[in-house]
Amino acid sequence: MAKSNFYVVWVGVKPGIYTTWTETSRNVSGFKGAKFKGFPNEESAEEALKQRWDKYISLAKSTEPIAQEENVLCHQEIITEVVDMVETTDMMDYLQAPWD
């Protein structure tokens with residue numbers, strides 16, 4: 001198998017294409033539900049990034065497509081994480097300030 005020189009991160013700290021495992025690891029390690037995969041060249045990585053991650057990564061050995069409910073739950077988890085991050089910053093004080 002050819003060595004992966006390009007890594008696609010669909011779900012992670014900062015989705016995108018990375019050229020080293022070190023960069024990729026920083027964006028997926030410890031990130032709950034991270035979705036990423038290596039590709040042999042930039043062209044295939046760019047094409048993969050345009051597609052849904054479940055086209056390239058199987059959740060099970062089954063060939064059945066991912067259920068709509070599972071996809072929604074994944075998005076809800078990401079939204080919850082973002083809201084948690086915002087709630088811990090001074091931004092919430094700003095957003096809740098009365099506007100005259």
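Report follows, based on the coordinates. (Residues numbered from 1 in each chain as written. Predicted model: local features only at pLDDT ≥ 70, side-chain atom pairs only at ≥ 80, totals over all residues. Heavy atoms only, no water.)

## Let's talk about the nonpolar core
In terms of nonpolar packing, the biggest core is built from 14 residues, with Val-8, Trp-10, Val-11, Phe-39, Ala-45, Ala-48 and Trp-53 touching the most fellow members. Breaking this core down by element, the ones donating at least two residues are strand E1 (6–11) and helix H2 (42–50). Residue contributions to this core peak at five residues, all from E1. Ignoring anything within four residues of it in the chain, the contact list for Val-8 reads Gly-16, Ile-17, Lys-35, Phe-36, Lys-37, Phe-39, Ala-45, Ala-48 and Leu-49. (Core = buried A, V, L, I, M, F, W, Y, C linked by side-chain atoms within 4.5 Å. Buried < 20%, exposed > 50% of the residue type's maximum accessible area, 1.4 Å probe, protein only. Helix = DSSP H or I, 4+ residues; strand = E, 2+ residues; numbered from the N terminus. Contact = heavy atoms within 4.5 Å.)

## So, the packing of aromatic side chains
One pass over the structure, following the stated rule, counts five aromatic pairs. Ring geometry for Trp-10 versus Phe-39: centroids 6.3 Å apart, planes at 75 degrees, classification edge-to-face. Residue Trp-10 is found in strand E1, and its partner Phe-39 is found in strand E3 (residues 35–39); the two are separated by 29 residues along the sequence. Overall, the relative accessible area of 11% leaves Trp-10 in the buried class. A residue is classified by how much of its surface remains accessible, and Phe-39, at 7% relative accessible area, is buried. Here Trp-10 and Tyr-56 contribute two aromatic rings whose centre-to-centre distance is 5.7 Å and whose plane-to-plane angle is 20 degrees, an arrangement assigned as stacked. With Trp-10 in strand E1 and Tyr-56 in the loop between H2 and helix H3 (68–87), this pair connects stretches of sequence that are 46 residues apart. (Phe/Tyr/Trp six-rings, centres within 6.5 Å; stacked < 30°, edge-to-face > 60°.)

## Some details on the sheet that holds E3
Ordered in space as E2-E1-E3, the three strands form an open sheet in which the pairing is antiparallel. Of all strands in the sheet, those bounded by a partner on one side alone are strand E2 (16–18) and E3. Neighbour to neighbour, the strand axes of the sheet diverge by 25 degrees on average, direction disregarded. Sheet topology note: the E1/E3 ladder contains five bridges and is antiparallel. (Pairing = 2+ DSSP bridges. Axes fitted to C-alpha atoms, helices over the stretch in contact; angles between N-to-C directions.)

## Considerations on a negative patch on the surface
Together, Glu-42, Glu-43, Glu-46 and Glu-47 make up a region of like negative charge exposed at the surface. Locating Glu-43 in the fold gives a position in helix H2. (Patch = residues over 30% accessible without salt bridge, like charges linked within 9 Å, V, L, I, M, F, W, Y side chains within 5 Å. Areas by Shrake-Rupley, 256 points an atom, 1.4 Å probe, with all protein chains shown as cover. Salt bridge = Lys/Arg side-chain N within 4 Å of Asp/Glu carboxyl O. Lys, Arg positive; Asp, Glu negative; His and termini not counted. Charge placed at Lys NZ, Arg CZ, Asp CG, Glu CD.)

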